[in-house]
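# Summary of the model geometry
Chain by chain, the residues run as shown.
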Number of protein chains: 2
Amino acid sequence: MYQDTNRTIVAPATGSGGAIAMIRVSGKDAFEIVGKIFKAKAEVEDNAKAEAEVEVEGGLGRVQGFRILYGEIIDSREIVDDVLVSVFRAPNSYTGEDQVEISCHASPYIQNKILQLLTENGASPARPGEFTQRAFLNGKMDLSQAEAVADVINSETEASHRLAMQQMRGSYSKEINELRDKMLHFASMIELELDFGEEDVEFADREEMRSMVKEIKSYTDSLRDSFKYGNAIKKGVPVAIVGKPNVGKSTLLNALLKDDKAIVSEIPGTTRDVIEDTIIIDGILFRFIDTAGIHETADVIENLGIRKTYQKIEQADIVLLLAEASDGAAAINKSFSEIRNQVSDTGKKLMLVINKTDLLDKTALPALRPSLECHEKDCIMLSATEGSGINDLILSLTGIIKAGYSSSQELIVTNLRHYEALKECSHGLDRVLNGLEEELPEDLIAVDLRQAIHYLGEITGEISTDEILGNIFKNFCIGK
Amino acid sequence: MYQDTNRTIVAPATGSGGAIAMIRVSGKDAFEIVGKIFKAKAEVEDNAKAEAEVEVEGGLGRVQGFRILYGEIIDSREIVDDVLVSVFRAPNSYTGEDQVEISCHASPYIQNKILQLLTENGASPARPGEFTQRAFLNGKMDLSQAEAVADVINSETEASHRLAMQQMRGSYSKEINELRDKMLHFASMIELELDFGEEDVEFADREEMRSMVKEIKSYTDSLRDSFKYGNAIKKGVPVAIVGKPNVGKSTLLNALLKDDKAIVSEIPGTTRDVIEDTIIIDGILFRFIDTAGIHETADVIENLGIRKTYQKIEQADIVLLLAEASDGAAAINKSFSEIRNQVSDTGKKLMLVINKTDLLDKTALPALRPSLECHEKDCIMLSATEGSGINDLILSLTGIIKAGYSSSQELIVTNLRHYEALKECSHGLDRVLNGLEEELPEDLIAVDLRQAIHYLGEITGEISTDEILGNIFKNFCIGK
C-alpha cells in the first residue's frame, strides 16, 4: 500500500482561512492532469515573455522547473479562478517527482472545485503525509528527516524547533550513519573470519574490537540517554512545585510569568484533568503541573505522603521544593531529605527553593545557607513578592535543560521510535561485548552485531517495513 | 494614510494550520529586505543551474520574475527554515510592485520568526487588504475589481462565486465604464454649448439627448434593481415557510434536504437569535428562516396576525404558504389572500404550496386546482412524505432567482456600495431629464449630469477618497 507511487496525488497544503491557498499535485501525471484544467496567460516579465508563450503553447510538460505561470483554472468553459502555478520537475522537487503547486484564492468553494477537477482528471486524494513519504521513497530524505518534517511544523518553541530543524536537515542522520558504518565494518570483519572458519584466523584483534565496541556502545548510550532531554524540549519540561500551603507557590509562579524572559504560552495543558501553567523561557517550554490544584489542596509538608504530591512528583522531570526562610534549617532539611529519598534513582532533578527571604532578619539569612543540607547549586534563595532571586531560579531551570545538551553531545534524540531503536541497539552491543568476553564463536557474535545494526538502520529507514512507514505517516497532516 | 506606498509591507497570506504557509512581501525594498535573510541554494534543475548560481551570487535583485529559488531563511547564523521563494518584479506582480512570496513550513513559530526578521530588516506589517489596495493604486485593477477579490474569497456557492469572479475579472467594470463614457460624451457637448453661451448654439439635439439619457437611465435602473438578486445570491435567499401547525413544514424541509440537487450547507445561520436551515440548490444558497421556531410555535393560520409570522415574512424574499390539500379551496384561498395582502408592494415573492396530496381522494385533487385563486405557476402541489412534487418546488425556487438574472441583464450588482452609487446616479439622471423637459439652462443640466457621472466613477474608483478606500479595505483580511 505504501509503495503505491503510480498514483498522482493531490491535496491542499495550506491551512483554513487566509487569502491564498495552495494545492499540491505530485506524481508522474502531474503535468498532464494540471495541463487539462489550467490555461496559462503570457502576462509575465518582458524578458520572459517569448519563453512563456512557448510554454503556454506546449502545455505544462514543456515548462522548466522552478518557474511560475500565471493563468486560469477552467471548468468546461467557465473560469474557476485566476491562479499561479509553480512547476517542479523530477527529481528536483520536494517529493522527487514531477510536482505542481497551484496557488488560488482561499475560498473553500474554489479549493473544493479545483480538487474535484484534478481528481476527475485522474489525480487521487493524498493520504496524510504522503508527499513526505514519497520524498522518502524517492531518496530525497531519509526516514528520520521525514519524521522531523512533522516535528518542524509542530514545534512550539525555539529549542524544539532547533532540534527538529537539525534532524530535518540531516545532521542527525549523518551521525547515525557514521555509527552504523563503523559497526558494519566490524561485522564484515567477523563475517570474513567465518568464511575462513576452518582455518581459525582472526582478522580483528579481539582486544581492539572490544574497546571499539565499547566506544560505540558508550556513544549509543549517550544518544539514548539524550532522549530524556530531547523529549523534554519537544514536549515541554514538566515541573512540580511542592511545599506546605501559603509558602508562596502562586506568587512564585506569577513572578516567573512576569519575568521579561518568560513568554506566557497559550498552549493548553496537554495532560488530561490537570490544569497547567506553561511558560517559555529561553525557548524552552516549562509546564508547571497542577498548580491550580495546589492552591486548593492542603498538602502540608509534614504530610508529604499524600497521593496528590506523590502524583505531581511522579509526573515531573524537575521538582522544586518550596520552603519558607523562617522555617529554619532543621525543618527545611527534613522536608528536603524526604523528597530527596523519593526522587532518588528516578533521574528527576530536585531543587530547594527558599522563599520569603525578605521576611527574614538580615543577620539570620547568611546563617541559614550553610546549615542547609543541599548543594549550593541546587539551592535558590528568593523573594517571590519582591522579585529578588527569580532570575537565579530561571537560570537554574534553563541550566538543567541546557546541561542535558552539552553533558552528552551535539545530537539530541527527540523521537520515541528512535529512542526504542537505540535501546535495542545498546542491548545488542551488550551481547556482543559479552560474547567477546566469553570468547563465543564468531557466528553468534555476528548475529548480535547484525541485530544492533538493524536497529540503527530502522532510525534512518535503511531498513523499513510498510508497518513502520504506516505508523509514521498516519500522524502527519494531509498535504504534507 | 492609504496612499503611503513607501513602506514595504509583509503579512502571512495563508490561513492557520496546514503544512505550508506563505508570507507575502511587497514594496520597493522587497528584494533587498528578503535578500538579507534568505540564502539561495543552487539545487535546481540542471538546465537552470548555471543561471541560478548567478542569481544566488547576485542576491534577489538579479533574479528574474516568475522564478522560484530554493534556500534557507537565516537568523544570524542559524537556519530558521528551508523555504521556496517566488520572485515577481514590478509591474508584473499582484500589487504591481516588486514582490516576494516565501513558502515556509506552517508552524506558527517559523512564521512569527520570519515575520519578525522581515520587520527587523525594514518591512512593515501590512494592514487588512493592503496588498489589494496597492494593486488598485498601481492600476492593476479598478476599485470594483478590488472589492470582488474579497467576494471571491468569501463566496460560499457556485452562483455567488460566479458573480464575484465576473466582477474581479473586470467585465463589470467594462460595462460601468462604457456607461460613464456615454454620459461623459453628453456632458462634454453640453459644456461646449456653455462655452459658446452667448451665441445660443445647440450642439446636441434636445429630443435626441432626452431619448438617449432615458436609455442610459433605464440601463442604470436595471443595474440598480439587479442588486436585489445579486445580494440574494451573495448573501443567500431568505425563505419563510408559513402555515398552520402540522401542515408538514419540517417534513417539507427534510424532503428538500434529501433531494439529490440539494447540498446541506454547513454555514451557520447568520442572523442572530434565528436558527436557520440552509440548502444550496443549483449553486444558490436558500436560508429557511426560523424553521426551528416553527416547530414549537402554534402560529395557527387563522391567527396570522401574530408577531412571529409577520417577522418571518418581513425577513424573507420568498414566502411559501404551506397548506393541506384536504383543507379545501375556500380555506386555502382565504389564507392565501391574507398573506398576499401582506406581501403586496414589498417585492417579496409569494408561492402557494399544497401539501399532503397523497391523502386526498384521487378525484378531489384535480378538482381542487381550478378553484384556487392563484396563478398556476405560483402554485405547487406536492406530498412531502412521498416526495412527489418536490422537484417542482425546487425548480420554482431556483427559477425565481434565475429569473432575476435574465429579466434584467448579464450584469448583476452584488455590492451595497455600488447599489447606493447607482441609486444616486439614477436620481441625477432624473434631474437631467427633468431639466431637459423644462428647458432649464445648460449649466444646471451639466451640474446634474456631472453628479450622475461622479457616482458611476465611484464604483470603479475613477473617483475615490481616503474615506472610501478605508471603508472598503478595512473589511479585507490581512495578507490580501
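## Structural notes on the overall build of chain A
The number of helices and strands found in chain A is 17 helices and 15 strands. In chain A, buried positions account for 55% of the 480 residues. A separation threshold of at least 6 residues defines the contact pool for chain A, and within that pool the share at least 24 residues apart is 70%. As displayed, chain A offers around 21000 Å² of accessible surface, 48% of which is attributable to carbon and sulfur atoms.

## A word on the domain arrangement of chain A
Residue and element names in this part refer to chain A. You can read the domains of chain A as domain 1 (9-142), domain 2 (152-226 + 411-461) and domain 3 (231-402). Residue-level contacts link nine residues of domain 2 with eight residues of domain 3. Carbon and sulfur atoms make up 62% of the surface buried where domain 2 meets domain 3, a total of about 720 Å² over both sides. Contact with domain 3 buries area across many residues of domain 2, yet Glu156, Thr157 and Thr414 alone supply 56% of it, more than any other trio. At the surface where domain 2 touches domain 3, the tally comes to zero salt bridges. At the junction of domain 2 with domain 3, the criterion picks out one residue pair in polar contact (both at pLDDT 80 or more). Along the lines of polarity and charge, the residues of the side of domain 2 that touches domain 3 split into three nonpolar, four polar and two charged.

## Description of the relation of the copies chain A and chain B
Copies of the same chain, two in number, are related to each other by a rotation about an axis and a translation along it. Structural alignment of chain A on chain B gives an RMSD of 0.2 Å, achieved by rotating through 180° and translating 0.0 Å along the axis. The transformation just described matches what one would write down for a two-fold rotation axis. Taken as a fraction of all interface residues of chain A, those also at the interface in chain B reach 100%, which identifies the copy contact as same-surface.

## Quick notes on the pattern of salt bridges
Evaluation of the coordinates by the stated rule reveals 64 salt bridges over all chains. The shortest N-O distance in the salt bridge between Asp221 of chain B and Lys217 of chain B comes to 2.7 Å. Of this pair, Asp221 of chain B and Lys217 of chain B are both found in helix α8 (residues 206-235), four residues apart, which corresponds to roughly one turn of the helix. Exposure remark for Asp221 of chain B: the relative accessible area of 14% places this residue in the buried category. For Lys217 of chain B, a relative accessible area of 13% translates into the label buried. What you see here is one network of salt bridges that share partners, running through Arg7, Glu97, Arg127, Glu130 and Arg134 of chain A.

## Quick word on the state of the cysteines
Note on terminology: disulfide describes a covalent bond linking the sulfur atoms of two cysteines. Per the counting criterion, the structure on display carries zero disulfides over all chains. Considering cysteine sulfurs only, Cys477 of chain B is the nearest to Cys104 of chain A, which forms no disulfide, with 13 Å between them.

## Topic: the interface of chain A and chain B
Counting residues at the interface gives 57 residues for chain A, matched by 57 residues for chain B. Buried area between chain A and chain B, both sides added, is near 4400 Å², and the carbon and sulfur share of it is 56%. Joining chain A to chain B, the criterion identifies six salt bridges. Where Arg162 of chain B meets Glu78 of chain A, a salt bridge forms, and the shortest distance between an N and an O atom there is 2.3 Å.

## Some words on empty space enclosed by the protein
Taken as a whole and judged by the stated rule, the model has four cavities of 30 Å³ or more. Approximately 170 Å³ is the volume attributed to the largest cavity. Forming the walls of the largest cavity are 18 residues, and the residues nearest its centre are Ser86 and Ser103 of chain A together with Ser86, Glu101 and Ser103 of chain B. At the level of elements, β3 (20-26), β6 (78-88) and β7 (99-105) of chain A together with β3 (20-26), β6 (78-88) and β7 (99-105) of chain B are the ones that each hand at least two residues to the lining of the largest cavity. Residue classes in the lining of the largest cavity are distributed as 10 nonpolar, six polar and two charged.

## Focus: the packing of helix α8 (residues 206-235) of chain A against helix α15 (residues 416-437) of chain A
All names here are of chain A. α15 packs onto α8 with a crossing angle of 160° between their chain directions and a minimal axis gap of 9 Å. Looking at the two axes, α8 sits roughly antiparallel to α15. Between α8 and α15 lies a crossing whose hand is left-handed. Facing α8, whose interface residues are Arg206, Met209, Arg210, Val213, Lys214, Ile216, Lys217, Thr220, Asp221, Leu223, Arg224 and Phe227, α15 presents Leu416, Tyr419, Leu422, Lys423, Cys425, Ser426, Leu429, Asp430, Val432, Leu433, Leu436 and Glu437. Class assignment for the residues of the contact of α8 with α15 results in 13 nonpolar, two polar and nine charged.

## Things to note about the side chain of Ser396 of chain B
Relative to the assigned elements, Ser396 of chain B resides in helix α14 (residues 390-408). The residues contacting Ser396 of chain B, other than those within four sequence positions of it, are Met351 and Ile380 of chain B.

## A few points about the environment of Gly470 of chain A
Residues and elements named next belong to chain A. Mapping Gly470 onto the fold places it in helix α17 (residues 466-473). Here Gly470 falls in the buried class, since its relative accessible area comes to 12%. Taking C-alpha positions, Gly470 is 9.7 Å from Gly129, a pair spaced 341 residues apart along the chain.

## Observations regarding helix α16 (residues 442-460) of chain B
The periodicity of an α-helix, 3.6 residues per turn, causes residues three or four positions apart to be oriented the same way. All names here are of chain B. Taking 1.5 Å per residue as the helical rise, α16 with its 19 residues ought to reach 27 Å, and the 27 Å between its terminal C-alpha atoms agrees with that figure. Taken together, the buried positions of α16 are Glu442, Ile445, Ala446, Asp448, Leu449, Ala452, Ile453, Leu456, Gly457, Glu458, Ile459 and Thr460. Against α4 (130-137), α5 (143-154), α7 (171-195), α8, α15 (416-437) and α17 (466-473) lie the buried residues of α16.

## Regarding the packing of aromatic side chains
Applying the stated rule across the entire model yields six aromatic pairs over all chains. Measuring from ring centre to ring centre gives 5.3 Å for Phe66 of chain B and Phe88 of chain B, while their planes differ by 80°; the resulting arrangement is edge-to-face. Taken together, the residues Phe66 of chain B in the loop between α2 (46-58) and β5 (67-75) and Phe88 of chain B in strand β6 connect sequence positions 22 residues apart. For the residue pair Phe66 of chain B and Phe88 of chain B, the accessibility class agrees, reading buried in each case. Their ring planes at 50° and their centres at 5.1 Å tell us that Phe473 of chain B and Phe476 of chain B sit as a pair that is tilted. Exposure remark for Phe473 of chain B: the relative accessible area of 0% places this residue in the buried category. For Phe476 of chain B, a relative accessible area of 9% puts it in the buried group. In this structure, Arg24 of chain A packs its charged tip against the face of Phe131 of chain A, placed 5.4 Å from the ring centre.

Rules and cut-offs
- As a convention, each chain's residues are numbered from 1 in the sequence order in which they are written.
- Each chain gets a letter, beginning with A, and each ligand a number, beginning with 1, in the order they are written.
- Confidence filtering applies because this is a predicted model: local features only for residues at pLDDT of at least 70, side-chain atom pairs given and counted only at 80 or more, and all residues used for totals across whole chains, interfaces and linings.
- To obtain the side-chain values, all non-hydrogen atoms of the structure were used and water was disregarded.
- By definition, any uninterrupted DSSP run of H or I lasting at least four residues is a helix, any uninterrupted run of E lasting at least two residues is a strand, and each is numbered from the N terminus.
- Three exposure classes are used, based on accessible area relative to the maximum for each residue type with a 1.4 Å probe and protein chains only: buried under 20%, partly exposed in between, and exposed over 50%.
- Contacts are assigned to residue pairs that have any heavy atoms within 4.5 Å of one another.
- Note on areas: Shrake-Rupley, 1.4 Å probe, and residue coverage restricted to the protein chains presented here.
- Annotation comment: domain bounds sourced from an automatic or database domain assignment.
- Two parts placed together each lose some accessible area; with a 1.4 Å probe, that loss summed over both constitutes the buried area.
- Here a salt bridge means any side-chain nitrogen of Lys or Arg lying within 4 Å of a carboxyl oxygen belonging to Asp or Glu.
- Under this definition, polar contacts are N or O atom pairs within 3.5 Å; protein pairs additionally need one hydrogen-donor-capable and one acceptor-capable atom, and for neighbouring residues in sequence, both atoms have to be side-chain atoms.
- Gly counts as polar in this scheme, as do all residues outside two lists: the nonpolar Ala, Val, Leu, Ile, Met, Phe, Trp, Tyr, Cys and Pro, and the charged Asp, Glu, Lys and Arg.
- A least-squares fit on C-alpha atoms brings the copies together, and the residues used are those whose pLDDT is at least 70 in both copies.
- Here, a disulfide means two cysteine sulfur atoms that sit within 2.5 Å of each other.
- Of the grid points, spaced at 1 Å and generated over the protein atoms alone, those admitting a 1.4 Å probe that cannot get out make up cavities, while open sets with protein on both sides within 12 Å along at least five of seven lines make up pockets; any residue with an atom within 4 Å of a point is treated as lining.
- Grid points are joined across faces, edges and corners, and a volume is the space filled by probe spheres set on the points.
- Between N-to-C directions, angles cover 0 to 180 degrees, with each direction set by a line fitted to C-alpha atoms, over the stretch in contact for helices.
- Just so you know how the angles are binned, under 35 degrees is roughly parallel, over 145 roughly antiparallel, 65 to 115 roughly perpendicular, and the rest oblique.
- Whether a crossing is left-handed or right-handed is set by the direction in which the near helix is turned from the far one by less than a right angle, anticlockwise for left-handed and clockwise for right-handed.
- Expected span of a helix, by definition, is 1.5 Å for each gap between consecutive residues, and there is one gap fewer than residues.
- Each Phe, Tyr or Trp ring, with Trp reduced to its six-membered ring, pairs with another whose centre is within 6.5 Å; inter-plane angles below 30 degrees give stacked pairs, above 60 give edge-to-face pairs, and intermediate values give tilted ones.
- Only lysine NZ and arginine CZ atoms are considered, and such an atom sits over a ring when it is within 6 Å of the ring centre and within 35 degrees of the ring normal.

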